[in-house]
Structures are given as structure tokens and as C-alpha cells.
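Examination of the molecular architecture
Listed below are the residues making up each chain.
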2 protein chains.
Amino acid sequence: MKNDELLKEKKISSELIYKGKIIDVYKDKVECPNGHISYRELIRHCKASCILAFNDKGNILLERQYRYPYDEVIYEFPAGKCDAGEDPKDTAVRELEEETGYHANNIEFLGVMYPSCAYTDEVIHLYVAKDLIKTKQHLDENEALMIEEVSLDKLKEMINEGKVVDAKTLCALTYYFCKNNK
Amino acid sequence: MKNDELLKEKKISSELIYKGKIIDVYKDKVECPNGHISYRELIRHCKASCILAFNDKGNILLERQYRYPYDEVIYEFPAGKCDAGEDPKDTAVRELEEETGYHANNIEFLGVMYPSCAYTDEVIHLYVAKDLIKTKQHLDENEALMIEEVSLDKLKEMINEGKVVDAKTLCALTYYFCKNNK
């Protein structure tokens, strides 16, 4: 779109501030559309996948997981980072099985989401999984989580009560609602 | 909940890696629930607000905005960072007016969302705005965006086509769908 060109910023230079384990931090110098020089602080993060999974009772798998930045235990759909070169769909199947002990025989792409577009480049790929087969949970060494299952109606009620605040979880539901007119 | 205590990590120490303009970066040493020592890289970011705004035709206000981390122009609902001490509801009214030139006489809280809970502590407060009065757009000096308006049905179609990927925008819609059974 021609109009979009009028909104773009041009990178002038990029400074690596911190090379971490899960995030790299950069401060880039840019030219704004009005010609002014400005700076953008940003995080580079690998891709990730998140799964809305229905079990054989038609209930949705929810995790309770401690999240350090908030010092809170929150509800989330199963999710995890893509290994280097891994297809996000394979990540979704792998992480679902590792975290919940269910293998998905049916997994469909819902869409992607950009968590916080001003300062991170993370892309989370969202899937819906069905036809689950019980296998075995394989948590990472320092990973701790608990699995619950809830109906879609109960999950909507929990959202209305402010009990589900995780963005990837809410975004997967938006796609699911839009695709299924629910 | 007693079970939640079993999931928590304990902070041992915190190292400031980078004090930036919009983000601060920390590397914290923690004790995991299994007693192991690990590290958490995290971003501290101020609160923000985002607004699902309906105009007098019942259409929704959408912005097209360039987002440097993705080098893309994307669709988003109006949004912005809370000033120090500012109530997120006041931020919502202020940012809607600054970015779109509409003052909202009716603004209701939908819920909050955590953009990427593993590594940022940002909380985005989501609102629905109605009864808009045309006033005047006041963009920040280096801010460039374009306003469009679409019906809710059109927006759902755009989501199904993968044209709307911004998390705060999708999350505001989840809350709206759940509260209104749409």
C-alpha cells in the first residue's frame, strides 16, 4: 500500500545492548517519517507456539504457571518456544505433549499474534488441537505447572471474572470465536 | 490457593542490565520450586491502555501504524502508555482523543492483559468506548498513523484473513465477545 510507505521508519544503525538466553536487547537509531532522528529500544525473541486443546470430553486444557515478571500464578494455554529451525506446528504438538501429556492427532492453525508490537519482535503461532491421545508429560527440569480442564462456557465466565489475562490464551480464543462464530 | 505456593520461584538477587527510555532490562537470580538456582531475564515496562471505540455509525476505529520491531505497518486499536501516576482509564480517554480526534463520553473497563508473561511485566488495560464526540487529533511529534473505520463483521473477516495480529487488539475483542456473547 502506498500510504504505508508514509508511515515507515528507516533504520540508521543498531546497537546490541544485551545478548541474553531468551532475549536480546537492541537500541536502534531510526529516521522517522517526518525526517527526525529517534531511537527504538527493542527485544529480539524467538518464535513460539500456543495451543487451544480440547480433550475427549470437549473440555479445554488450562495450565496454572508461575510467571516471574508478575510474581503471580496465572492461567494459560499450553505454549512454548520454537527450537531453532523448528516448524511452529511441530512446536505446538511437542509442547502440548511435554506440558500436558497429550498427543494431538488433529492440529489446525488459527493465526499469529504480536504480543507487544512497540518493543518486541516475538511472534506467537496459535493452534487448535483435537483428537488427543494420553501419553506422558515431560516437563523441563526447572518447569513447574498444574493442568486443569474447563468447558468453553466456564472459560468465558472466568474471562468475565478477570481470571484469565494471558495474551496468547485470549488471542487464541479470539481466532477460535471468529472462525467458528461463537 | 495452597497449590500455587508449590509453583512459585523465590527472588535471590536482581541485576539491572539496561535502564532505557521505554524499557528497563533485568537479570534476576531465582530459586525454582525444585530448589535449583536459575536466572530470569525480564523487561520492566509501564502500564498502558487500549481502546475498542465505536463511532456514531457503530463502526470500530482502527489505526494503521508502523512497528519498528517487525518492520511492518499493522492494524491496531488506539492505545498508549500511562503517564506516571495516571489512571489507565484517563490514559484511555486521552490516547483515544490524541490519536483519533474523538472524545469518548462513555468508556467502560473490559479487563487487563499480560502481553508476554515469561519476560515482560507490562499490563495493558482494555476499554470499550462509545458516545464519541469529534474534537481534534494531537499526535506526538514523531508519531505517524492513519485512521480507518470498519464494522465488527468486517473486523472478524479481517481477523480470519490474518490481517489483524496485534495482541491488545485481539484481546480487547475477546473480552468484548465474552461480555456480550457475540
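Structure: above.
Presented here is an overview of the structure given in this document. The numbering scheme is per chain: residues are counted from 1 as the chain's sequence reads. Each chain gets a letter, beginning with A, and each ligand a number, beginning with 1, in the order they are written. For this predicted model, a pLDDT threshold of at least 70 governs which residues receive local features, and a threshold of 80 or more governs which side-chain atom pairs are given and counted, while totals over whole chains, interfaces and linings are taken from all residues. Hydrogens and water molecules were not included; the side-chain quantities draw on all heavy atoms of the structure.

Thoughts on the overall build of chain A
Stated precisely, the cut-off is as follows: Put simply, DSSP H or I for four residues or longer makes a helix, DSSP E for two residues or longer makes a strand, and each gets a number counted from the N terminus. Whether a residue is buried, partly exposed or exposed follows from its accessible area with a 1.4 Å probe, protein chains only, as a fraction of its type maximum: under 20%, in between, or over 50%, in that order. Between two residues, a contact is recorded if the distance between any of their heavy atoms is within 4.5 Å. Positive: Lys, Arg. Negative: Asp, Glu. His and the chain ends are not part of the count. Each charge is placed at NZ for Lys, CZ for Arg, CG for Asp and CD for Glu.
When helices and strands are tallied, chain A shows four helices and ten strands. Going from the N terminus to the C terminus, chain A shows its helices and strands as α-β-β-β-β-β-β-β-α-β-β-β-α-α. Taking the principal axes of the C-alpha coordinates as reference, chain A spans close to 60 × 40 × 30 Å. Residue burial in chain A is summarised as follows: out of 182 residues, 55% are buried. Relative to all contacts within chain A whose residues are 6 or more apart in sequence, the contacts with residues 24 or more apart total 55%. Positive and negative charge centroids in chain A, built from 26 and 34 side chains respectively, lie 4 Å apart.

Focus on the packing of helix α3 (residues 152-160) of chain A against helix α4 (residues 167-180) of chain B
This is how it is decided: To obtain each axis, a line is fitted to C-alpha atoms, and for helices this fit is confined to the stretch in contact; angles are then taken between N-to-C directions over 0 to 180 degrees. By definition in this entry, angles of less than 35 degrees are roughly parallel, angles greater than 145 are roughly antiparallel, angles of 65 to 115 are roughly perpendicular, and the rest are oblique. By the definition used in this description, the sense in which the near helix is turned from the far one sets the handedness, with an anticlockwise turn below a right angle giving left-handed and a clockwise turn giving right-handed. Three classes are used, and their members are as follows: Ala, Val, Leu, Ile, Met, Phe, Trp, Tyr, Cys and Pro are nonpolar, Asp, Glu, Lys and Arg are charged, and the others, Gly among them, are polar.
For the pair α3(A) and α4(B), interaxial distance at closest approach is 9 Å and the crossing angle is 110 degrees. For the element pair α3(A) / α4(B), the angle class is roughly perpendicular. The two elements α3(A) and α4(B) cross, and the hand of that crossing is left-handed. Where α3(A) abuts α4(B), its residues K156(A), I159(A) and N160(A) lie against T174(B), Y175(B), C178(B) and K179(B). Here the contact of α3(A) with α4(B) is built from residues that sort into three nonpolar, two polar and two charged.

Description of the interface of chain B and chain A
Applicable threshold: Put simply, buried area is the surface a 1.4 Å probe can reach on two separate parts but cannot reach once they are joined, added for both. Here, a salt bridge means any side-chain nitrogen of Lys or Arg that lies within 4 Å of a carboxyl oxygen of Asp or Glu. Throughout this description, a polar contact denotes any pair of N or O atoms lying within 3.5 Å of each other; where both atoms belong to protein, one of them has to be capable of donating a hydrogen while the other can accept it, and for residues adjacent in sequence the pair is counted only when both atoms sit in side chains.
The partner chain A presents 74 residues to the 75 residues of chain B that form the contact. Summed over both partners, the interface of chain B with chain A comes to about 6900 Å²; 63% of that surface belongs to carbon and sulfur atoms. The largest share of the area that chain B buries against chain A comes from Y68(B), Y70(B) and Y114(B), three residues that together contribute 13% of it. The tally of links between chain B and chain A comes to two salt bridges. Between the two partners, chain B and chain A, sit 49 residue pairs in polar contact (both at pLDDT 80 or more). Partitioned by chemical class, the residues of the side of chain B that touches chain A number 40 nonpolar, 13 polar and 22 charged.

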